[in-house]
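Structural characterization, general
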Amino acid sequence: MKQETLEPEMLSYAPCRYGASRVLFRGPRKRLDQPYLAFLGGTETYGKFIEKPFPALVEKAMRQTCVNFGCVNGGIDAFVNDTTVMDICYNAELTVVQVMGANFLSNRFFTVHPRRNDRFLQASTVLKAIYHDIDFAEFSFTRHMLGALHNKSIERFETVVIELREAWMARMHSLLDQVGENAVLFWFSEAEPSNVPWSDLPHQLQVDPLFITKDMIDRLRPLVKDVIIAQPSRDALTRGTNGMIYPISQKGAAHEMLGVDCHKEAAAALIPKIRDQLYTAE
């Protein structure tokens, strides 16, 4: 008997679209003719394998519509050129923008899929010249490709990191400009924002959001109302996949994600800050 026939019923994400956007977001689809909060982000915001991710927990606690624009393996590129999503966020009472990794965007060195930003499409002639000893046809995912570049030459890889960070800052300025003044940045990660050199971090290429430093976040503070940090406690992290819903074949992927208790702590960090912003706005 095949393994997949033994797997439990999957979690329903009720995928939906908004307007002319080509991205399928987590549903159910929300009404936009009444006050709402918007949440932009990657896999964590989407809540893969999580029945009630932090946007849903915020919605329940605040009794206010929360539109989940999380995108699995999504980065800034999944949103910044999507006029439908940008317009909806602009009209929100508040938009929570998750800090996403610099590996999930196109840049001078390589391009990624416009919606599935973890997918590597092609290397530029510049990157091919820097890494003339790499066959880029071997790669389908950006993190795999970046790992190979790192292993080939740490010195050359530093040039790639610098480019990704510069591209990320430029793209974040564009995104926040479109979202408007009612935005907060949301850092949701096992690691805290830090200026420790990426090369000194353990498991350098597994840290999320990848290549983002505290200084980079601080440079964006003038563009947002607040920066909210949610670093899960050790207790939440040790509970691992407890309460998560996933097929057996996705067990490994689930173990790499922030779990149910981490989402509860994220919501607890967001709710008072959001209330403060909405109260101040009144």
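Please refer to the structure higher up on the page.
So, a few notes on the structure that sits alongside this text.

Thresholds, definitions, all that
- Residues numbered from 1 in each chain as written.
- Predicted model: local features only at pLDDT ≥ 70, side-chain atom pairs only at ≥ 80, totals over all residues.
- Heavy atoms only, no water.
- Buried < 20%, exposed > 50% of the residue type's maximum accessible area, 1.4 Å probe, protein only.
- Helix = DSSP H or I, 4+ residues; strand = E, 2+ residues; numbered from the N terminus.
- Contact = heavy atoms within 4.5 Å.
- Polar contact = N/O pair within 3.5 Å; in protein donor to acceptor, adjacent residues only side chain to side chain.
- Core = buried A, V, L, I, M, F, W, Y, C linked by side-chain atoms within 4.5 Å.
- Salt bridge = Lys/Arg side-chain N within 4 Å of Asp/Glu carboxyl O.
- Axes fitted to C-alpha atoms, helices over the stretch in contact; angles between N-to-C directions.
- Parallel < 35°, antiparallel > 145°, perpendicular 65-115°, else oblique.
- Nonpolar A, V, L, I, M, F, W, Y, C, P; charged D, E, K, R; others polar.
- Expected span 1.5 Å × (residues − 1).

For helix H4 (residues 83-90), the set of buried residues is Thr84, Val85, Met86, Ile88 and Cys89. Where H4 is buried, its residues touch strand S1 (36-41), strand S2 (65-70), helix H3 (77-80), strand S3 (94-98) and helix H7 (154-179). Its side-chain oxygen 3.2 Å from the backbone nitrogen of threonine 84, aspartate 82 forms the N-cap of H4.

Right, let's talk about the nonpolar core for a bit. Grouped together as the largest cluster of nonpolar side chains are 62 residues, with contacts concentrated most on Phe69, Phe79 and Trp168. Counting residues per element, this core draws most heavily on H7, which supplies 11 residues.

With that out of the way, let us pick up the pattern of salt bridges. A complete count under the given rule lists nine salt bridges for this structure. A salt bridge links arginine 108 to glutamate 163, with the nearest nitrogen and oxygen atoms 3.0 Å apart. Here glutamate 163 lies in helix H7 and arginine 108 lies in the loop between S3 and strand S4 (110-112), a separation of 55 residues in the sequence. For arginine 108, a relative accessible area of 51% corresponds to the exposed category. The partner of aspartate 208 in a salt bridge is arginine 143, and the shortest N-O contact between them spans 2.8 Å. Here aspartate 208 is found in the loop between strand S6 (183-188) and helix H8 (214-220), whereas its partner arginine 143 is found in helix H6 (residues 142-152), with 65 residues between them in sequence. Owing to a relative accessible area of 33%, aspartate 208 belongs among the partly exposed residues under this scheme. On the basis of relative accessible area, arginine 143 is assigned to the partly exposed category, the value being 23%. Salt bridges here are not isolated pairs; linked through shared partners, they connect Lys214, Asp218 and Arg221.

With that settled, consider the side chain of threonine 45. Structurally, threonine 45 is set in helix H1 (residues 43-46). Within polar-contact distance, the side chain of threonine 45 engages the side chain of glutamine 98 at 2.6 Å. Not counting the four nearest positions on each side in its chain, threonine 45 is found in contact with Phe39, Leu40, Pro53, Phe54, Pro55, Asn68, Gly70 and Gln98.

So, about the packing of H4 against H7. At a minimum axis separation of 7 Å, H4 and H7 run at an interaxial angle of 55 degrees. Between H4 and H7, the angle falls in the class oblique. Of the residues in H7, those in contact with Met86, Cys89 and Tyr90 of H4 are Leu175, Gln178 and Val179. Here the contact of H4 with H7 is composed, by residue class, of five nonpolar, one polar and no charged.

With that settled, consider H7. Here H7 spans 36 Å end to end across 26 residues, near enough to the 38 Å set by a 1.5 Å rise per residue. Within the sequence span of H7, burial applies to Phe157, Val160, Val161, Glu163, Leu164, Ala167, Trp168, Met169, Met172, Leu175, Leu176 and Val179. After H7 finishes, the residue glycine 180 shows a positive phi value of roughly 100 degrees.

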